[in-house]
Amino acid sequence: MAFAMSFFEPLLDLLLPSACAECSLPPTVYCRNCLSRHEAHLVERSYFVSGQLAVAKKLPGLALSVLDDSVSRAMTAFKEKNQFAVARSMVDALLPDESLWPVDLVVAAPSARANFKKRGFVPAELIAERVAKRWDLPHLRSALTLVRRVEDQASLTVEQRQQNLVEAMRANPRVAGKRVLLVDDIVTTGSTIAEVARAVAAAAAEPVAFVVLAETLRRHAPSPHPAGFQVGPMASPKID
Ligand SMILES: [Zn+2]
């Protein structure tokens, strides 16, 4: 399926009208003004290794933007209206030229079955494909599979999100021995990233870091990345 989407992607982009997914101005699907507003920044989430629930391991990550109302509109255009160029534009403009971590392989978080049936594609796979291309890394498609039914994370509370995904994924044995970069569209509590990392580690690979298009800053909670945690070279995002 991922292959088929890649094949039809340029065609779909041509058929859809081009206007910025954030500000709605033509002619591009994501204008330079809006893209230049974003700064890639380092984030961090924790995960647990199977069988060692007491030990939380830290996983560094890179978020290309913060999920404010404008970025939410862009995410909706990408995920619900098949505007694949939104994700490509963000990666091309905001991802650093080279990987920040030593990694061998890129994998994407899987979509809940209902979301895949509704959309016909896995957003994280398209992002992973672009990140892998930019960083000249192999991308193992469908590397993570859901081994049981899960609910859409977006509709759940923090506690429910964690419960929803416990031991829910299995990684392709081909990841064994690899240093793995995890990719998803949005990170909030980090429970999806945590389960991907656990599954990757359970398959004898090393989860090294993750990349997401946007980070949700939780209200009523301290900022997950302290002030001064910005990445210097990415302060002014490059366009083209
Ligand atoms: Zn714009």
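Residues numbered from 1 in each chain as written. Predicted model: local features only at pLDDT ≥ 70, side-chain atom pairs only at ≥ 80, totals over all residues.

In its Sequence similarities (unreviewed entry) section, UniProt records this for the chain: "Belongs to the ComF/GntX family." (UniProt positions renumbered as here; feature names shortened; annotations may be inferred.)

### Concerning the overall build of the chain
Broken down by element type, the chain carries 8 helices and 7 strands. Buried residues in the chain amount to 44% of all 240 residues. Across the chain, contacts joining residues at least 24 apart in sequence account for 75% of those joining residues at least 6 apart. (Helix = DSSP H or I, 4+ residues; strand = E, 2+ residues; numbered from the N terminus. Buried ≥ 20, exposed ≤ 12 C-beta atoms within 10 Å, placed from the backbone. Contact = placed C-beta atoms within 7 Å.)

### Focus on the pairing of strand 6 (residues 179-187)
Counting buried residues along strand 6, 8 of its 9 residues qualify, which places the element largely inside the surrounding structure. Sheet topology places strand 3 (residues 105-108) next to strand 6; 4 bridges connect them, and they run parallel. In the sheet register, Leu 105 faces strand 6, and the bridge partner there is Val 180. Across 8 bridges, strand 6 lies against strand 7 (residues 206-215) in parallel orientation. Its bridge partner lying in strand 7, Val 180 is registered against Pro 207. Assessed by its sense of winding, the connection that carries the chain from strand 6 through helix 8 (residues 191-202) to strand 7 is right-handed. (Pairing = 2+ DSSP bridges. Right-handed = clockwise from strand over helix to strand, strands pointing away.)

### What about the environment of Phe 84?
Along the polypeptide, Phe 84 turns up in helix 4 (residues 84-94). Along the primary structure Phe 84 and Ile 127 are separated by 43 residues, whereas in three dimensions their C-alpha atoms are 9.0 Å apart.

### With respect to the packing of helix 4 against helix 6 (residues 123-134)
In helix packing, the relevant descriptors are the interaxial angle and the interaxial distance, both defined with respect to the helix axes. Helix 6 packs onto helix 4 with a crossing angle of 35° between their chain directions and a minimal axis gap of 10 Å. Between helix 4 and helix 6 lies a crossing of right-handed hand. On helix 6, the residues touching Phe 84, Ala 87, Arg 88 and Val 91 of helix 4 are Leu 126, Ile 127, Arg 130, Val 131 and Arg 134. For the contact of helix 4 with helix 6, a count of residues per class yields 6 nonpolar, no polar and 3 charged. (Axes fitted to C-alpha atoms, helices over the stretch in contact; angles between N-to-C directions. Left-handed = near helix turned anticlockwise from the far one by under 90°. Nonpolar A, V, L, I, M, F, W, Y, C, P; charged D, E, K, R; others polar.)

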